[in-house]
Structures are given as structure tokens and as C-alpha cells.
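# Architecture and fold: a report
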Amino acid sequence: MVDQRSVDVGGVRLAYQVSGPSDVPPLVLLHALGEDATDWETVVPVLARSRRVYALDLRGHGRSDWPGDYSLELMLADVLRFLDTLGLGQVELIGHSMGGIVAYMLAEDHPQRVSRLVLEDVPIPRPRKQTTPTRPDGDLTFDWEMVLAIRRQIDMPDPGWLERLSEITAETLVVAGGPRSHVPQDGIAELARRIPDGQTVTIPVGHLIHRAAPEAFLEAISAFLLTEQERRPCPPTKDAQ
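Our subject in this report is the structure included herewith. Throughout this description, residue numbers start from 1 for each chain and increase along the sequence as written. Restriction of local features to residues with pLDDT of at least 70 applies here, the model being predicted, together with a cutoff of 80 or more for giving and counting side-chain atom pairs; totals for whole chains, interfaces and linings are based on all residues. Heavy atoms throughout the structure, all of them, feed into the side-chain values; hydrogens and water do not.

## A short note on unusual backbone geometry
With phi around 55°, Ser97 is a residue other than glycine that occupies positive phi space. Considering the arrangement of structural elements, one finds Ser97 in the loop between β5 (91–96) and α3 (98–109). A positive phi angle, near 45°, is found at Asp121, a position not held by glycine. Going along the chain from the N terminus, every DSSP run of H or I of four or more residues is numbered as a helix, and every run of E of two or more is numbered as a strand. By secondary structure assignment, the location of Asp121 is in the loop between β6 (114–120) and α4 (144–155).

## Points about the environment of Leu106
Inspection of the secondary structure puts Leu106 in helix α3. Here the alpha-carbon distance between Leu106 and Leu76, two residues 30 residues apart in the chain, equals 6.4 Å. By definition, residues are in contact when any of their heavy atoms lie within 4.5 Å. Discounting chain neighbours no more than four positions away, the residues touching Leu106 are Leu76, Val79, Leu80, Leu83, Leu93, Pro111 and Val114.

## Re the packing of helix α2 (residues 72–85) against α4
The axes are straight lines fitted to the C-alpha atoms, using for helices just the contacting stretch, and the angles between their N-to-C directions are given from 0 to 180°. Between α2 and α4, the shortest axis-to-axis distance is 9 Å and the interhelical angle comes to 105°. By the angle between their directions, the pair α2 and α4 is classed as roughly perpendicular. Each of Leu72, Glu73 and Met75 in α2 lies in contact with α4, whose residues at this interface are Met146, Ile150, Gln153 and Ile154. Grouping the amino acids of the contact of α2 with α4 by side-chain chemistry returns five nonpolar, one polar and one charged. By definition in this entry, angles of less than 35 degrees are roughly parallel, angles greater than 145 are roughly antiparallel, angles of 65 to 115 are roughly perpendicular, and the rest are oblique. Only Asp, Glu, Lys and Arg are considered charged in this grouping, and only Ala, Val, Leu, Ile, Met, Phe, Trp, Tyr, Cys and Pro are considered nonpolar; every other residue, Gly among them, is considered polar.

## Description of helix α6 (residues 185–194)
Think of it in three bands: with a 1.4 Å probe and only protein chains considered, a residue is buried below 20% of the maximum accessible area for its type, exposed above 50%, and partly exposed in between. Inspection of α6 places Gly187, Ile188, Glu190, Leu191 and Ala192 among the buried residues, and these make up the whole buried set. Buried residues along α6 sit in contact with α3, β6, β7 (171–176) and β8 (198–202).

## Describing the pattern of salt bridges
The term salt bridge refers to a side-chain nitrogen of Lys or Arg lying within 4 Å of a carboxyl oxygen of Asp or Glu. Under the counting rule described, the total for this entry stands at 14 salt bridges. Among the ionic pairs, Arg211 bridges to Asp39, the shortest N-O distance being 2.7 Å. Remark: Asp39 occurs in the loop between β3 (26–30) and α1 (44–47) and Arg211 occurs in helix α7 (residues 209–212); sequence separation between them is 172 residues. Since its relative accessible area comes to 37%, Arg211 is described here as partly exposed. One salt bridge in this structure joins Asp78 and Arg59, with 2.7 Å as the shortest N-O distance. Of this pair, Asp78 sits in helix α2 while Arg59 sits in the loop between β4 (52–56) and α2, and the two are 19 residues apart along the sequence.

Quick look at the structure:
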């Protein structure tokens, strides 16, 4: 069962969905640009079997506030306040695309807060040709001003984001979408190499991996998220000896 909740994080209300038992490790999901917590619906039921799953609507998205002030740094601050407000010490973190940028920034700035990190088809933070996106017609489930602000940052990222990838201490799995993705795959491979405990798996279905191939995505994620205790085989029972 998924609960819809919200919390104030320094004057901004963040909406989130929570599911899974309360006595298991917390797992936080951060969506891509223009998406929201509902984007994870294909994978949450399986993840919630062994994790307390928190899927956020980042500021300017979905049911969260649209405050008109946007940056990746502000999104990072929101997530950190979210963890503090809910009393979540160390978490596992999965970020897709833009959400992955916020995720690795959190792992860079606050390494003690992230035990395991999954980056799904996340671009390496290098400057790229700047383009102005065209606003879709009709009502949007996100603030268009947010899209423009975040796209500017992704096009011209802070050089420190790249330099500090080597400071991430969390075990990290980088999931690449292969040649069908619009994100340059050589950059994703470099991203993984720059993270000390980074490993890579490619699921060649394009950028929206967890939606296009949820079973393959879950297989990769579930194996990676196993704790040391979960990885150890159970000792034989007395009857089996």
C-alpha cells in the first residue's frame, strides 16, 4: 500500500509517497526532469518488499510546491531537509537523470548520509551545447520556469560536481541505457570510473530504463542493494544437517 504524504522543508512543501515495512532500510527515489513520484510505479511494489521506499516530488514538480525559485542546489537542500525532518539517517538513494545529479551531489556533499547509490542514465557534468526547450501545449504537471532553470545548469554545470565525484564513498551502481538513450554513453562510463566504488550495468532500452525494462532494472538493482547479511547464505537448519 502506498501512502501519499507531504512535509515542510524550510518553507517548501514536498509531496512524497511512502510504502514498505517500517523496520527495513530506507530507500529514497529521485525522479527525472518533468516527472514526479508516480514515475516509479512500475518498480516500487517490488522494491518495497525489502525497503521502506520514499518517492519524492522535487520542488516545481507534481504535488510539491512550485515556489518559482529553482536550482539543483535548492533541490539538494530540500532532499537533505526531508531526510532530517523524517529522521532518516543513512539511506540508499536511486536517482534517474536529473534526479541522479541531485543524488550524486548529495553523496558528494554528505557522504555519511548515503550507503548505496544508484544512478540511472545520468549525464556526466560537462558543458554541452545550450538549447532552449519548447514548452509543451496544455497544462503541465511541473513548472516550466523550473525546466528552463535546471536545463541551464545541466548545460553549464558547476565544474566542482565533476571534480568531486572521486569523493563519493557510497557503493555506486551506474545503470546505462545504451545506444538508444539520448545521453552520451561514453560520459556515463566516465561517470562510473570517477566514482571510487562505481560499477556499471547497461540495459540497452534507452533513457527510461525502469519503465521500458522494469524486470531487468529490478534484477540489477535488487542484487546491488543486498546487504552483507542478505548476501550471506543462510546456515543450514538442524534438520538439514
